[in-house]
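# What the coordinates show
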Amino acid sequence: MELDRRQFLHGGGGALLALAISACTSDKPKAQPGATTTTLPPPPPTAPGPTASDLTLLRTAASLEALAVSVYQRAAAANLVKDPAALDATTLFLSHHMAHLQAVNALLEASGQAAVTTPNAAVDKVFKPALTAARTQDEMIELLFTLEDAIGQTYVYSAGYLTTPPHRTALMTIAGVHARARALLGIVFAKHDPAALFPASFARNDNPLPPDALLT
Amino acid sequence: MPDPVAPPDAALAGFLQSVERTTMEAYDKVLPLLSESNKALGTKFQGHHRDYADALGKLAGASAADHTNKTLSLVLAARLQSMSDERSALTSIAAVENELVATYGFVFSTTASPDLVKLVATILPVLSTHAATLASLASVPTAAVFPNGAFETTTVAGVDTADASAGFDPAAFPVA
């Protein structure tokens with residue numbers, strides 16, 4: 001079964017945009033679980049090789065990791081994160097995203113596809129103004145928290161569609177690390193109430209991306 | 001109407017359900033050692049595991065496990081005996097959450113059921129968040145919050161493994 005682009009994109013975008021913008025404002029609205037919903041069709045059965053949809057999701061994942069690398073690098077260049085512990089943590093997270101990018105591109109190349117090294121332009125369009133607007137360490141940390149949240153949610157969404165077990169395993173072993181980074185950014189550095197990191201027992205699996213983020 | 005879960009995947013769901021019930025039992029031992037604010041959070045996490053057990057039980061069908069995993073229960077009981085204060089309680093239960101993450105990672109490489117894949121995908125990141133949250137409350141150094149570096153592991157092992165971050169091997173922790 002091929003992934004329907006309209007199904008992938010339905011309902012996405014607004015939540016990410018709102019979160020990214022709110023990350024750099026002093027009045028931060030809380031994300032509402034279920035604020036956007038994507039009605040998922042039944043996931044496809046496991047197939048022997050990657051489908052066109054699998055490759056689309058992998059390309060998109062690589063572009064999101066490239067974006068994360070770029071955002072962390074721009075955050076470092078902005079020199080707003082000055083607390084040594086926060087600096088060490090964000091440097092570690094940058095190295096994780098570099099490893100993720102390499103791993104997802106290895107999957108693409110093993111499937112005979114070209115590697116993706118350019119940041120996802122559609123999502124970058126959302127984060128760029130927020131990066132420019134950030135004036136304090138707290139605002140930058142909130143932005144990185146939002147980034148980890150959005151990419152992690154995309155992988156949970158993707159797992160329901162990927163037909164090749166090694167691909168879904170790879171994305172979920174990455175999603176777990178995004179979740180850990182999100183937790184540390186939220187609790188240790190942004191001083192969120194730990195309970196607020198758990199709006200529900202289950203992670204959201206609707207698509208958080210803007211409409212043109214999918215790399216077909 | 002969801003597709004029926006194939007028997008091997010239903011058995012896997014039943015195994016995970018038994019592991020979740022055992023984790024709930026582990027929280028019962030940890031909670032008395034926690035401060036009031038951390039106890040509230042621990043109780044919330046325990047509730048998550050109850051929700052996972054319930055959801056997995058629905059997919060397990062006839063393979064549902066309405067009881068703890070006896071082998072794992074013995075292993076955790078022995079391990080949790082050494083807890084003496086809040087920090088040791090937090091690090092002990094964080095280690096269990098890390099092992100759960102690995103167990104769920106392993107499931108992705110073995111299951112073919114779309115419904116189980118979809119369910120497990122919504123659980124694994126929350127388990128990772130549990131582990132990181134508990135570790136940060138125990139003031140564990142940042143790098144140690146990522147026991148397997150940039151990727152979660154999918155390695156599972158038996159009772160006598162030396163690999164502290166490995167998950168629970170269904171073959172070594174049978175659903176009795």
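Residues numbered from 1 in each chain as written. Chains lettered and ligands numbered in written order. Predicted model: local features only at pLDDT ≥ 70, side-chain atom pairs only at ≥ 80, totals over all residues.

## Points about the overall build of chain B
Looking only at helices and strands, one finds five helices and two strands in chain B. The linear arrangement of helices and strands in chain B, starting from the amino end, is α-α-α-α-α-β-β. By the compact-globule yardstick of 16 Å for 176 residues, chain B fits well, its C-alpha radius of gyration being 15 Å. Principal axes of the C-alpha set define a box for chain B whose edges measure 45 × 30 × 30 Å. Scored against the burial criterion, the 176 residues of chain B give a buried share of 55%. Considering only intrachain contacts with a sequence separation of at least 6, the fraction spanning at least 24 residues in chain B is 77%. (Helix = DSSP H or I, 4+ residues; strand = E, 2+ residues; numbered from the N terminus. Rg over C-alpha atoms; globule rule 2.2 N^0.38 Å. Buried ≥ 20, exposed ≤ 12 C-beta atoms within 10 Å, placed from the backbone. Contact = placed C-beta atoms within 7 Å.)

## Concerning the interface of chain A and chain B
At the junction of the two partners, chain A supplies 39 residues and chain B supplies 33 residues. Broken down by element, the side of chain A that touches chain B gets its largest block of residues, 16 residues, from helix H7 (residues 165–189) of chain A.

## Section: the confidence of the model for chain A
All names here are of chain A. Per-residue confidence for chain A averages 84 on the pLDDT scale, and 78% of its residues sit at or above 70. Ignoring residues within four places in sequence, the model shows residues 1–14, a span with pLDDT below 50, making 33 contacts including any to other chains. This model gives residues 23–45 a pLDDT under 50, and the stretch forms 44 contacts once residues within four places in sequence are excluded. (pLDDT = per-residue confidence, 0-100.)

## Here we look at the nonpolar core
Judged by nonpolar contacts, the single largest core of 117 residues is most densely connected at Tyr155, Leu171 and Leu184 of chain A together with Ala13, Ile93, Val120 and Leu124 of chain B. Contact partners of Tyr155 of chain A, with chain neighbours within four places excluded, come to Ala61, Leu171, Met172, Ile174 and Ala175 of chain A. (Core = buried A, V, L, I, M, F, W, Y, C linked by C-beta atoms within 7 Å.)

## Quick look at the environment of Leu116 of chain B
Residues and elements named next belong to chain B. Relative to the elements of secondary structure, Leu116 occurs in helix H5 (residues 114–137). Given 23 C-beta atoms within 10 Å, Leu116 falls into the buried group. For the pair Leu116 and His48, spaced 68 residues apart in sequence, the C-alpha separation works out to 17 Å. Setting aside chain neighbours within four positions, we find Leu116 in contact with Val5, Asp9, Leu12, Ala13, Leu59 and Thr111.

## Things to note about unusual backbone geometry
Residue and element names in this part refer to chain A. Here the phi dihedral of Asn79 falls at roughly 60°; this positive angle occurs in a residue that is not glycine. Secondary-structure assignment places Asn79 in the loop between helix H3 (52–78) and helix H4 (84–110). Residue class for Asn79 comes out exposed when judged on the 10 C-beta atoms lying within 10 Å of it. One non-glycine residue, Lys191, lies in the positive phi region at around 60°.

## Here's the deal with helix H2 (residues 36–60) of chain B
The end-to-end C-alpha separation of H2 of chain B is 36 Å, in line with the 36 Å expected for 25 residues at 1.5 Å each. Once H2 of chain B ends, the next one or two residues include Gly61 of chain B, with phi positive near 55°. (Expected span 1.5 Å × (residues − 1).)

## Considering the environment of Glu139 of chain A
Residue and element names in this part refer to chain A. Structurally, Glu139 is set in helix H6 (residues 137–159). By C-beta crowding, Glu139 is classed as partly exposed, having 19 other C-beta atoms within 10 Å. When the C-alpha atoms of Glu139 and Val81 are compared, they prove to be 9.5 Å apart, with 58 residues separating the residues in sequence.

## Quick word on helix H1 (residues 7–30) of chain B
Given a rise of 1.5 Å per residue, 24 residues ought to cover 34 Å, and the 35 Å separating the end C-alpha atoms of H1 of chain B matches this to within 8%. Within H1 of chain B, 17 of the 24 residues are buried, which leaves it mostly tucked inside the rest of the structure.

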